[in-house]
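Residue-level structure breakdown
In case you want the letters, here they are:
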Amino acid sequence: MKNSGALTTTFCLTLSLLFTACNGANSGNNGETSTSSQTTTNNQSTTNTSGVIPIGIAFAQTSNVALLGQEQVAGAKIAEKYFNDKGGINGTPIKLVFQDTSGDENGAINAFQTLINKDKVVGIVGPTLSQQAFSADPVADRAKVPVLAASNTADKIPEIGDYIARISAPSSVVAPNSVKAALKLNPNIKRVAVFFAQNDSYSKSETDIFQKTVKDQGLELVTVQKFQTSDTDFQTQATNAINLKADLVIISGLAADGGNLVRQLRELGYKGLIVGGNGLNTSNIFPVCKALCDGVLIAQAYSPEHPGEINSTFRKTYSEQFKKEPPQFTAQAFTAVQVYVEALQALDKKTKVNTLALPQLRNELNKQILAGKYNTPLGEIAFTPVGEVIQKDFYVAQIKMEQDGSQGKFTFLK
């Protein structure tokens, strides 16, 4: 990722040749898609009639992926209020413009096109899934609009283009930690069954990493079972793994399908450890597998217990609002908005962003994002020249459920 972007609409003033009459961008409320109507041109300035700086948020708010997207929307909205309360971009507030990507590639492409061409955002956070990113990110890259991926961990995401970066650490760095944690909990593990969603790019990428880790640890891979993210019946695949006497199961999928697979494995009598991939890294699986979620291990790029003032404030705000600890997807969405805000602040100190034409601002913002260091809820992060996140702190959590399955939490292993 390398260039930058500008705001949606311009002051309706007669004082400058840069400004034209237009309407301001609006952020959706309660996770709803927002729309805006502008007639701004690429030569216009970056502030609109409301005097705000718009940042696009492209998350899945509908479909089976909404279980993850809802957590991301929550993190983005917390960030919007937090940074605006602190003065926004040196006195100018940000305004998040939400577009629903749904759960497929076309939904993400449409959301990106709307944010770029209609909402005139300075940059985009999203989409929710890696599979969507491989289709939608090139749209933004061709338009020279910066994109920050908050949850895309498949291989080669930043390499999509010069304007693409991510704050979500790749699976190749994070995923092996959960397998190693399982071996610490049970050193007698020998036989491993792997399950993955074959219609999801991320799951296909992640399972390759899990399978390599299994082999690197000297374990026997007894079966690889495929499924679809839309599946609800996993009895055939689960029975196969149980009959092969697997003592570790690894699942790469999403919350709904992954949670159902966990539940059916336990109902059919599987007693061994279960490792879940990043798609299961959400408390939204609790209502799916309920008490049978207990014990699932998931590698983490975020811990609510991470020290630091900004994480403490973020954790407190989220906990007060939702009555539970913040999940990784929420923290990563907050962090992506934070990176945009701090990059815009740094850029504004050099050249007032509301004096830059939209293409110039997007270009300069893109470069500023890659140049910065950010103290976030995830810890301190930075970027490689390609746009890959540099992060040092990672964790493994184990799900602990109440006996009746009504409540659960992620307990972080030492």
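Because the structure is a prediction, the values reported are computed rather than measured.

Focus: helix α11 (residues 328-350)
Because each turn of an α-helix spans 3.6 residues, side chains separated by three or four positions end up pointing in the same direction. When the terminal C-alpha atoms of α11 are compared, their 33 Å separation across 23 residues agrees well with the 33 Å that a helix rising 1.5 Å per residue should span. Of all 23 residues that make up α11, 18 are buried, and the element is covered over most of its length.

Digging into the packing of aromatic side chains
One pass over the structure, following the stated rule, counts 10 aromatic pairs. When the ring of Tyr318 is compared with that of Phe322, the centres are 4.5 Å apart and the planes differ by 25 degrees; the resulting orientation is stacked. Separated by 4 residues within a single helix, Tyr318 and Phe322 lie in helix α10 (residues 309-322), roughly one turn from each other. Plain terms: the ring middles of Tyr374 and Phe383 are 6.1 Å apart, the flat faces sit at 70 degrees to each other, and that makes the pair edge-to-face. Members of the aromatic cluster, connected to one another through ring pairs, are Tyr82, Phe83, Tyr302, Phe314 and Phe334. Its end group placed over the ring of Phe98, Lys77 keeps NZ or CZ at 5.5 Å from the ring centre.

Section: the sheet that holds strand β11 (residues 374-376)
As summarised here, the arrangement of the 3 strands in space is β11-β12-β13, forming an open sheet in which the pairing is antiparallel. In the strand order of this sheet, the two ends are held by β11 and β13 (389-391), each with one partner. Pairwise comparison of adjacent strand axes, ignoring direction, gives a mean angle of 35 degrees for this sheet. Sheet analysis places β11 next to strand β12 (residues 379-383), joined by 3 bridges and oriented antiparallel. Within β12, the residue paired with Tyr374 across the bridge is Ile381. Those strands touched by α11 are β11 and β12, and its axis lies near 145 degrees from that of β11.

Quick word on the side chain of Asp257
Relative to the elements of secondary structure, Asp257 occurs in helix α8 (residues 255-267). No salt bridge is formed by the buried Asp257; its nearest oppositely charged neighbour, Arg263, is found at 12 Å. Aside from chain neighbours lying at most four places away, what touches Asp257 is Phe227, Gln228, Thr229, Asp231 and Phe234.

Description of helix α3 (residues 130-143)
Counted at 1.5 Å a residue, the expected span for α3 with its 14 residues is 20 Å, and the 20 Å between its end C-alpha atoms agrees. Roughly 35 degrees is the biggest bend found in α3, and it falls at Ala136, with proline Pro138 one to four residues downstream. Among all positions in α3, only Ser130, Gln131, Gln132, Ala133, Ala136, Asp137, Val139, Ala140 and Asp141 are buried. At its buried positions, α3 is contacted by α2 (105-118), β4 (147-149), β5 (164-166) and α6 (201-216).

Some thoughts on the packing of helix α1 (residues 66-85) against α10
It is the contact of α1 with α10, at a shortest axis distance of 11 Å, that shows an interaxial angle of 120 degrees. In terms of orientation, α1 lies oblique with respect to α10. Relative to α10, the crossing made by α1 is right-handed. Where α1 abuts α10, its residues Ala74, Ile78, Tyr82 and Phe83 lie against Ile310, Thr313, Phe314, Thr317, Tyr318, Gln321 and Phe322. Here the contact of α1 with α10 is built from residues that sort into 8 nonpolar, 3 polar and no charged.

Some thoughts on the state of the cysteines
Considering all chains together, one arrives at 1 disulfide under this definition. Note that Cys289 is cross-linked by a disulfide to Cys293, the S-S spacing being 1.9 Å. Its torsion about the S-S bond being 100 degrees, the disulfide of Cys289 and Cys293 is classed as right-handed. Each of the two residues, Cys289 as well as Cys293, counts as buried.

Brief notes about the pairing of strand β8 (residues 248-252)
Across the 5 residues that make up β8, a large majority, 5, are buried. Residue alternation in β8 divides its side chains into two sets, Leu248, Ile250 and Ser252 and Val249 and Ile251, and both sets are buried. Sheet topology places strand β6 (residues 191-197) next to β8; 5 bridges connect them, and they run parallel. Across the sheet, residue Phe196 finds its bridge partner in β8, namely Ser252.

Concerning the confidence of the model for the chain
Averaged over the chain, the pLDDT score is 90; the fraction of residues at 70 or greater is 88%. Counted against residues more than four places away or in other chains, residues 2-43, with its pLDDT under 50, gives 167 contacts.

Considering the nonpolar core
Of all hydrophobic cores here, the largest spans 50 residues; its most connected members are Leu148, Ile167, Leu344, Ile369 and Phe383. When contributions to this core are tallied by element, the ones reaching two or more residues are β1 (53-59), α1, β2 (94-100), α10, α11, α12 (358-371) and β12. In terms of residue count, the dominant contributor to this core is α11 (11 residues). Ala241, Leu265, Cys293 and Ile399 belong to the second-largest nonpolar core, a separate cluster that totals 29 residues.

Parameters at a glance
- Residues numbered from 1 in each chain as written.
- Predicted model: local features only at pLDDT ≥ 70, side-chain atom pairs only at ≥ 80, totals over all residues.
- Heavy atoms only, no water.
- Helix = DSSP H or I, 4+ residues; strand = E, 2+ residues; numbered from the N terminus.
- Expected span 1.5 Å × (residues − 1).
- Buried < 20%, exposed > 50% of the residue type's maximum accessible area, 1.4 Å probe, protein only.
- Phe/Tyr/Trp six-rings, centres within 6.5 Å; stacked < 30°, edge-to-face > 60°.
- Lys NZ or Arg CZ within 6 Å of the ring centre and 35° of its normal.
- Pairing = 2+ DSSP bridges.
- Axes fitted to C-alpha atoms, helices over the stretch in contact; angles between N-to-C directions.
- Contact = heavy atoms within 4.5 Å.
- Lys, Arg positive; Asp, Glu negative; His and termini not counted.
- Salt bridge = Lys/Arg side-chain N within 4 Å of Asp/Glu carboxyl O.
- Bend = angle between axes of the 7 residues up to and from the residue.
- Parallel < 35°, antiparallel > 145°, perpendicular 65-115°, else oblique.
- Left-handed = near helix turned anticlockwise from the far one by under 90°.
- Nonpolar A, V, L, I, M, F, W, Y, C, P; charged D, E, K, R; others polar.
- Disulfide = S-S within 2.5 Å.
- pLDDT = per-residue confidence, 0-100.
- Core = buried A, V, L, I, M, F, W, Y, C linked by side-chain atoms within 4.5 Å.

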